[in-house]
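Now for the letters of each chain:
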Amino acid sequence: MAEVKASLLLSPASHYRGYQPLGINVTRHESGFVQDWHEALDLFREEDAAAVKAAGRPPSVLHGPNLWPDQLPGFSTALRAYIDACLTLGEQLLRGIALGVGLPEAYFGGQLAGPAGSYWVARVIHYPPLQQVGQQQAAAAAGGEVGREVQLSCGEHCDYGLLTLVNQDPHVTALQVKNASGQWVDAPPLPGTFVCNIGDMFQVLTNGMYKATLHRVLNTARGTPRMSAPFFYEPCFEAVLAPAPQLCRGQPPLFQPIRYGSHLESKVLSNFEL
């Protein structure tokens, strides 16, 4: 397995796709934060750089092929099927949400975030138990705040795009979300369900009606690893997102237009210590 991981190693040359070893991810990327304690396989929508250039679109360090784990029989096939199913589910959720907020059913589709162009991200994440579970980690697991020097399985953050479908290991409660009262609460795995997080871009599109979900992961279970397979349903890379006029209620929008690809690049390129 070590040889497989080494062959899939994430780097700038791999367009930030592939295997991310333990300790190189810093989700809370501001100065002074400790690295996260998880390893993962990161996949994005595949884009051929030559095709992007031929279409007159700007290049990106993120565009390229994925490093699929083809050495493991059946794994890549299962991942591709899972991604296709999540794209279908994500589109259906967006249609329902659009109707729920009074927008046309297909408002979030097409060149904005249709499944054919969604710059989706899929991750398969292994969270070993934290190396150290001291008083601060235990306090965090109980809902407390923690300082920059405290290692978490994944530091507090909001996701970058529209919707995140979190498929959790059923045996470990480690995901926490911050509720509207500012309290950290557990999001335990429930059989047959996904946790659905709201991302930055959905907050923009809905002019703040939907708030991006601040969340973190702490696996404090001794001797019990946690697996998670989150799928990130994202806008199209070149989509420029702005609040829907219908949701501004005649008031100035709360957010300026933003190109999704630029937002994604700013996040990914500050997320690793390579």
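Look up: the structure comes first, before these words.
Remember, predicted model here, so these are calculated numbers, not experimental data.

Visitor: What should I look at first to understand helix α7 (residues 260-268) in this one?
Guide: Since one α-helical turn is 3.6 residues long, residues separated by three or four positions face the same way. Restricting attention to buried positions, one finds in α7 the residues Y260, G261, H263, L264, E265 and V268. Buried residues belonging to α7 abut β2 (39-44), α6 (200-205), β12 (240-241) and β13 (258-259).

Visitor: Would you take a moment to explain the sheet that holds strand β9 (residues 215-217) for this structure?
Guide: Consider a sheet: its strands pair through backbone hydrogen bonds, and that pairing is either parallel or antiparallel. The strand order across the open sheet formed by four strands is β4-β9-β6-β7, and the pairing between neighbours is antiparallel. Each edge of the open sheet is held by one strand with a lone partner, namely β4 (154-157) and β7 (184-186). On average, each strand axis in the sheet is tilted by 20° relative to the strand beside it, whichever way the strands run. Pairing of strand β6 (residues 175-178) with β7, which is carried by three bridges, proceeds in the antiparallel orientation. Bridging from a neighbouring strand, K178 pairs with W184 of β7.

Visitor: When you look at the pattern of salt bridges in this model, what are you seeing that I'm missing?
Guide: One side chain can pair with another of opposite charge once the charged atoms of both are near each other. If you walk through the whole model with that rule in mind, you get eight salt bridges. Between K5 and E39 there is a salt bridge, with its nearest N and O atoms 3.1 Å apart. With K5 in helix α1 (residues 2-7) and E39 in strand β2, the pair connects residues that are 34 residues apart, well separated along the chain. By relative accessible area, E39 is classed as buried at 10%. Note that E47 is salt-bridged to R45, the shortest N-O span being 3.3 Å. We classify E47 as buried; its relative accessible area is 12%. On the accessibility criterion, R45 (21% relative accessible area) is partly exposed. Each member of the salt-bridge network shares a partner with another, and the members are R45, E47 and R57.

Visitor: Sorry if this is basic, but what is going on with the packing of aromatic side chains here?
Guide: For any pair of aromatic rings, the description consists of the separation of the ring centres together with the inter-plane angle of the planes. For the structure on display, the rule yields six aromatic pairs. Look at W120 and F231: their rings are 6.2 Å apart centre to centre, the planes differ by 25°, and that puts the pair in the stacked class. Linking W120 in the loop between α4 (110-113) and β3 (121-127) with F231 in strand β11 (residues 231-233), this pair joins segments that are 111 residues apart in sequence. With relative accessibility at 0%, the residue F231 sits in the buried group. Centre to centre, the rings of F202 and Y210 are 5.3 Å apart; their planes meet at 85°, and the pair counts as edge-to-face. Ring-pair connections join several aromatic residues into one group, and the members of that group are Y107, F108, F202 and Y210. Across from the ring centre of W68, 3.8 Å away, lies the NZ or CZ of R80, which sits over that ring. When the ring centre of W184 is taken as reference, the NZ or CZ atom of R216 above it lies at 4.2 Å.

Visitor: Would you mind going over the layout of surface pockets with me for this structure?
Guide: In this approach, a probe sized like a water molecule rolls over the atoms, and the result shows the empty space that is left. Of the voids in this model, the largest pocket is the one considered here, and its volume is about 260 Å³. Lining the largest pocket are 15 residues, and of these M1, K5, Y19, L41 and F75 sit closest to its centre. Sorting the residues of the lining of the largest pocket by element identifies α1, β2 and β3 as the ones contributing at least two each. Within the lining of the largest pocket, the residues separate by chemical class into 12 nonpolar, one polar and two charged.

Definitions and cut-offs
- Residues numbered from 1 in each chain as written.
- Predicted model: local features only at pLDDT ≥ 70, side-chain atom pairs only at ≥ 80, totals over all residues.
- Heavy atoms only, no water.
- Buried < 20%, exposed > 50% of the residue type's maximum accessible area, 1.4 Å probe, protein only.
- Helix = DSSP H or I, 4+ residues; strand = E, 2+ residues; numbered from the N terminus.
- Contact = heavy atoms within 4.5 Å.
- Pairing = 2+ DSSP bridges.
- Axes fitted to C-alpha atoms, helices over the stretch in contact; angles between N-to-C directions.
- Salt bridge = Lys/Arg side-chain N within 4 Å of Asp/Glu carboxyl O.
- Phe/Tyr/Trp six-rings, centres within 6.5 Å; stacked < 30°, edge-to-face > 60°.
- Lys NZ or Arg CZ within 6 Å of the ring centre and 35° of its normal.
- 1 Å grid on protein atoms, 1.4 Å probe; cavity = no way out; pocket = protein on both sides within 12 Å on 5 of 7 lines; lining within 4 Å.
- Points joined across faces, edges and corners; volume = space filled by probe spheres on them.
- Nonpolar A, V, L, I, M, F, W, Y, C, P; charged D, E, K, R; others polar.

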